[in-house]
Amino acid sequence: MNLAAVSFVLALAISILAALTALAVDNRVRLLAAGTLTAAGGAMAVVSGIATLGGQTFVADLPDLLPLFGVHISLDALGGVFVMVTGAVAVVVAIYGIGYARGGALRGRTVQAVVPLFVAAMLLVPAAASVATLLVAWELMALTSLILVVAEHRKRPAVAIAGQWYAVMTHLGLVVILIGLMIFAAHSSDDTFAALRTAADGLSPAIRGVVFVATFAGFASKAGAVPLHAWLPRAHPEAPSHVSALMSAAMVNAGVYGIIRVGFDLLGAGARWWWLLVLVVGAVSAVYGILQAVLSTDLKRLLGYSTTENMGIVLIGVGAAGIFATSGQRVLAGLAMTAALLHVINHAAFKSLLFMAAGSVVQATGTRSLDDLGGLRTTMPATTAMFAVGALAASALPPGAAFVSEWLLLQGLIHGVETAGMATAIAMPLSVAAVALTAGVAVATFVKAFGIGFLAKPRTRAAQNAVERRPEMIAAMLTAAVLCGGLALAPGLIVPQLAPAAGAAGPLLSDPATEGALTIRLQGVSGSLSPVLMMCALMIAAVGVVALTRLASVTRARRTEKRLWDCGAGPLSPRMEYTATSFAEPLQRVFDDVLEPEFDVDVTHVRESRYLVDRIEYRRRVPDRIERRLYEPVLRAVAAWGRGGRGLASGSVHRYLGYGFYTLIGVFVVLAVTR
Amino acid sequence: MSVVSAVVQLGVVVLGSPLLVGVMRQMRARMEGRVGPGALQPWRDLRKLLRKERIAPRGTSEVFQFAPVLLMATTLVVAAVAPFLTISPVLGPAGDLFAVVALLTLGAAALALAGIDTGTAFGGMGASREMTIIALVEPTLLVAIFALSVRVGSTNLGDIIRATVDDPALVISPVSLLAAVALALAIIAETGRIPVDNPSTHLELTMVHEAMVLEYAGPDLALVEWASAMRLTVFLGLFVNLFMPWGVATDASLVALLVAVLMFVVKVGVLGSFLAAGEVFMAKLRLFRVPELLAGSFLLALLAVVASYFLA
């Protein structure tokens, strides 16, 4: 047993122990005990993930644990990255949960016991080495997360609807993954990944394509990719915030993992059109996600759509890696895959931070609507600072974490010109445009989220009376913020370590992409970036600017407070401020053909005159257009089918027996004719 | 020697940028039949503002106070790393085009946050409009740059400029022409010139940048104004060096550096004069027509990228 094995087993064991403890102990110590144990399990998982990146592996076969199939575990560097990410998210979220769940319905036995089980399931998914193990872990992950999503269903009716959407979509996803992997396994000796790998070479291209498309649909839906994202903007806002953080920062990654594992590792990269499909889905997800995010006025919904956007960027990286790999460009494929994995890590860091900060805000003010927030910088300074760090990291500006991974991705795409093919030559520039547009709108999105939500004056009494949250919640956010900072400033320490993970995904991706700790220098292609030096230069410039302005000024006096410019009309009230809706209005106009927002303006006139306005009511809703065009017809068709079937169900047992009898006869007749 | 050129370059941009703005204003004034305050007026303004007392508008936070410093710092870093005078500046490896664009966007985003932070309707309005423009300009800049990088295989500014110096025919290739038009439109929008924004207006219906910085006064305002002038210089400098890189020092001799300084000043000055002359004959676009212009430039940039893939 090496370090990776010991720590991975310990991580699972401690998580299960945490669940049992949560069930056993009473209310007073439950939060602390379960939270600490979950965090310890997460820490073990981080150790295990790092050990696998160092070259260790962990293989275990437990043939008797699951009837018929057995459980097969194999943790390699690729799975290790995802185990590490999940573990790190679990650590901060568990610490946060100790404070967050206090004094609410969330401190109950069920929720506290299910959180560590959810973490354990997420750790098992990237370690599964057979179809049965993967699917069992996948379903466990889906069920535990579903229980957590609906944890607060007594408080808000919207939770139940979100839960239904999530339950149905995640299970449809499971069904298509199951179908894909069953077709695959039917052509191999057994259902272990090792057998599938050897069988993949003998498959016809058509079957390989079917397997890939089916599994891709299921995995992409878990990753929240458009058009299978409909559950995500519902479930993420309605779930308790620490669960949102776990789902958005860790669970959606499982979808990315699945695509990489099946597409590259098991099916051996396959045909180029697969990866063009991934690239296009990624590009559409990125742009659509960020456009919905910039118009969202619900803080958590905004973050949820931002998850779709970021997973889109990851999928662009994965798709580009596939295109390069199928054209035999190992260096570029490794580079694109490294960029995708780095973005997964970065996204996990900043999105867990942002969801935790949003959770603190929601708890302190009781509202998720940005239009009702504002002014939190005076009442919740620590949370405001943490959200600022997360927003900087998310908006792809230096010195932020996402900037580094998107820079790496663009470096890979620049060299796509050497890859032959008309489809590639059209898809690559379009995906570059998608990444660029996403980066631009992301800046507006997070300026809106941070500026409107936290700066300026409080827009409601709830925002005015907010109080800073408990120290353990701030400590958890601080940890995540430090991780964000580390990822942003020292990517050179992390990026070279990802090479074994990219290599484990496929022999075509085995080359290390970068070198250098302070400055990332790309290997094989030219390009370098040094976030640390950039940060130092910015600091020096800022200090210099401050010093020189002090020198130039005649007075040494401190700043004096002065009235704001109010056009001479008396003090400004918070009602005069720009809201999130008005802030995004110009962008809504720009993209109204894409998003088709609905708004109605209600003008009430003064009774005496039609020309004098008493009050104006403005309402705006941005419906999910894809949902409306794609899901509603399907749902209507299913409902119509159900209504049609109702005529057959008269309630008479005789008739039901008759159905069974005639069906059996029918089957015999078909058999008799065809055999 | 390379350190000397970096210091000279920083000095030229920092000290020359108010002068550039002054020359452009003076040109406009003369063409519109006014006497004009003279090219040195921005310098006098800056000196006056820097000496005034520092104020904190009621209810604003550190974001408001720190934004001008960050805006200035990002512009200074870009002015230091960009290869304006020599082809391989001492900080050249940091002169990555994506990093440069992202740094400049960071400064603009900080100023937008400061606008929101004041809690006034003007501040929010300016920030909202500025971010809308930035959200459309940043992609255009990135994609246009990407088009220029594809054929060189690098996003390093020095490498791109070196490729153009080595092979001047690249400038008249379709990729360059498309990217040049797209970049020109993006730069006009980013620096807030007519027809996107009018830097000399204070009419609330049309203000973009000015609405955002309405609460600034004294040394803070001086920093904002100075940084805006430097951003204009930096963008014009990038544009001329990407498409007309002649005169840039390729070796480390003092003569080459002097020639480079002279050429840089002349090129940026001429381009600035063209911009100013154009502004005399043009009206500002309605705010909601601006996105159409920017969408057009984004499309041109995209065409440039597609062309760079097909024509490579």
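Remember, it's a predicted structure, so these values are computed and weren't measured experimentally.

A. Representation of the overall build of chain B. The helix and strand inventory of chain B stands at 11 helices and one strand. Listing each helix as α and each strand as β along chain B from the N terminus yields α-α-β-α-α-α-α-α-α-α-α-α. Relative to the globule expectation of 20 Å for 312 residues, the C-alpha radius of gyration of chain B, 19 Å, shows essentially globular dimensions. On the principal axes, the C-alpha backbone points of chain B span a range of 55 × 45 × 40 Å. Here chain B, with 312 residues, has 63% of them falling under the buried criterion. As displayed, chain B has an accessible area near 10900 Å², and 70% of this comes from carbon and sulfur atoms.

B. Molecular detail of the overall build of chain A. The helix and strand inventory of chain A stands at 27 helices and eight strands. In terms of overall size, chain A behaves like a compact globule, its C-alpha atoms giving a radius of gyration of 27 Å where 675 residues would be expected to give roughly 26 Å. On the principal axes, the C-alpha backbone points of chain A span a range of 95 × 70 × 60 Å. Going through the 675 residues of chain A one by one, you find that 57% of them count as buried. Accessible surface, chain A: about 26100 Å² in total, of which carbon and sulfur atoms supply 67%. Charged side chains in chain A number 49 positive and 37 negative. The centres of these two groups are separated by 6 Å.

C. Spotlight on the pattern of salt bridges. Scanning the entire structure with this criterion turns up 33 salt bridges over all chains. Between Arg563 of chain A and Asp566 of chain A there is a salt bridge; the shortest N-O distance is 2.8 Å. Glu32 of chain B is paired through a salt bridge with Arg28 of chain B; the nearest N and O atoms lie 3.7 Å apart. Residue Arg28 of chain B is classed as buried on the basis of its relative accessible area, which comes to 14%.

D. Structural detail: helix α9 (residues 218-243) of chain B. Over its 26 residues, α9 of chain B extends 38 Å from the first C-alpha to the last, a length consistent with the 38 Å expected when each residue adds 1.5 Å. Here α9 of chain B lies mainly inside the structure; 24 of its 26 residues are buried.

E. Highlighting the interface of chain B and chain A. Contact residues are listed per partner, giving 70 residues for chain B and 74 residues for chain A. Across the chain B/chain A interface, buried area totals approximately 6200 Å², and carbon plus sulfur atoms make up 72% of it. In this assembly, chain B and chain A are joined by four salt bridges. Among the ionic pairs, Glu53 of chain B bridges to Lys562 of chain A, the shortest N-O distance being 3.3 Å. Counting the contacts that link chain B with chain A gives 16 residue pairs in polar contact (both at pLDDT 80 or more). At the level of secondary structure, the elements contributing two or more residues to the side of chain B that touches chain A comprise α2 (41-51), β1 (55-57), α3 (62-81), α4 (97-117), α5 (121-152), α9 and α11 (290-310) of chain B.

F. Structural view of the confidence of the model for chain A. Mean pLDDT for chain A: 89, with 97% of residues reaching 70 or above. When mean pLDDT is taken per element in chain A, helix α15 (residues 381-394) of chain A scores highest with 95 and strand β3 (residues 514-515) of chain A scores lowest with 66.

G. Representation of the side chain of Arg459 of chain A. Residue and element names in this part refer to chain A. By the secondary structure assignment, Arg459 is in the loop between α17 (422-454) and α18 (461-464). Among the residues examined, Arg459 registers a relative accessible area of 15% and is labelled buried. Among the polar contacts listed, one links the side chain of Arg459 to the backbone oxygen of Ile452, at a separation of 2.9 Å. Sequence-distant contacts of Arg459, that is, excluding residues within four places in its chain, are made with Leu370, Asp371, Asp372, Leu373, Gly374, Ile452, Pro574, Glu577, Tyr578 and Thr579.

H. Examining the environment of Val545 of chain A more closely. The residue Val545 of chain A is located in helix α22 (residues 531-552) in this model. For Val545 of chain A, a relative accessible area of 6% puts it in the buried group. With sequence-adjacent residues up to four places away left out, Val545 of chain A is seen in contact with Val69, Met72, Leu76 and Leu223 of chain B.

I. Broad picture of the state of the cysteines. Residue and element names in this part refer to chain A. For the coordinates displayed, the defined rule picks out zero disulfides over all chains. Cysteine Cys484 is unpaired, with the sulfur of Cys536 as its nearest cysteine sulfur at 19 Å. On the basis of relative accessibility, which here comes to 37%, the residue Cys536 falls in the partly exposed class.

J. Quick look at helix α5 (residues 131-149) of chain A. With 19 residues, α5 of chain A extends 26 Å between its outermost C-alpha atoms, agreeing within 8% with the 27 Å of an ideal straight helix rising 1.5 Å per residue. Counted residue by residue, α5 of chain A has 15 buried out of 19 residues, so it is predominantly covered.

K. A look at the packing of helix α7 (residues 193-200) of chain A against helix α10 (residues 241-266) of chain A. Residue and element names in this part refer to chain A. Put simply, α7 and α10 touch, their axes get as near as 10 Å, and they point 50° apart. Put simply, α7 runs oblique to α10. Here Phe193, Leu196, Arg197 and Ala200 of α7 come into contact with α10, specifically with Arg261, Asp265 and Leu266. By residue class, the composition of the contact of α7 with α10 is four nonpolar, no polar and three charged.

The rules behind the values
Residues numbered from 1 in each chain as written. Chains lettered and ligands numbered in written order. Predicted model: local features only at pLDDT ≥ 70, side-chain atom pairs only at ≥ 80, totals over all residues. Heavy atoms only, no water. Helix = DSSP H or I, 4+ residues; strand = E, 2+ residues; numbered from the N terminus. Rg over C-alpha atoms; globule rule 2.2 N^0.38 Å. Buried < 20%, exposed > 50% of the residue type's maximum accessible area, 1.4 Å probe, protein only. Areas by Shrake-Rupley, 256 points an atom, 1.4 Å probe, with all protein chains shown as cover. Lys, Arg positive; Asp, Glu negative; His and termini not counted. Charge placed at Lys NZ, Arg CZ, Asp CG, Glu CD. Salt bridge = Lys/Arg side-chain N within 4 Å of Asp/Glu carboxyl O. Expected span 1.5 Å × (residues − 1). Contact = heavy atoms within 4.5 Å. Buried area = accessible area lost by both parts, 1.4 Å probe. Polar contact = N/O pair within 3.5 Å; in protein donor to acceptor, adjacent residues only side chain to side chain. pLDDT = per-residue confidence, 0-100. Disulfide = S-S within 2.5 Å. Axes fitted to C-alpha atoms, helices over the stretch in contact; angles between N-to-C directions. Parallel < 35°, antiparallel > 145°, perpendicular 65-115°, else oblique. Nonpolar A, V, L, I, M, F, W, Y, C, P; charged D, E, K, R; others polar.

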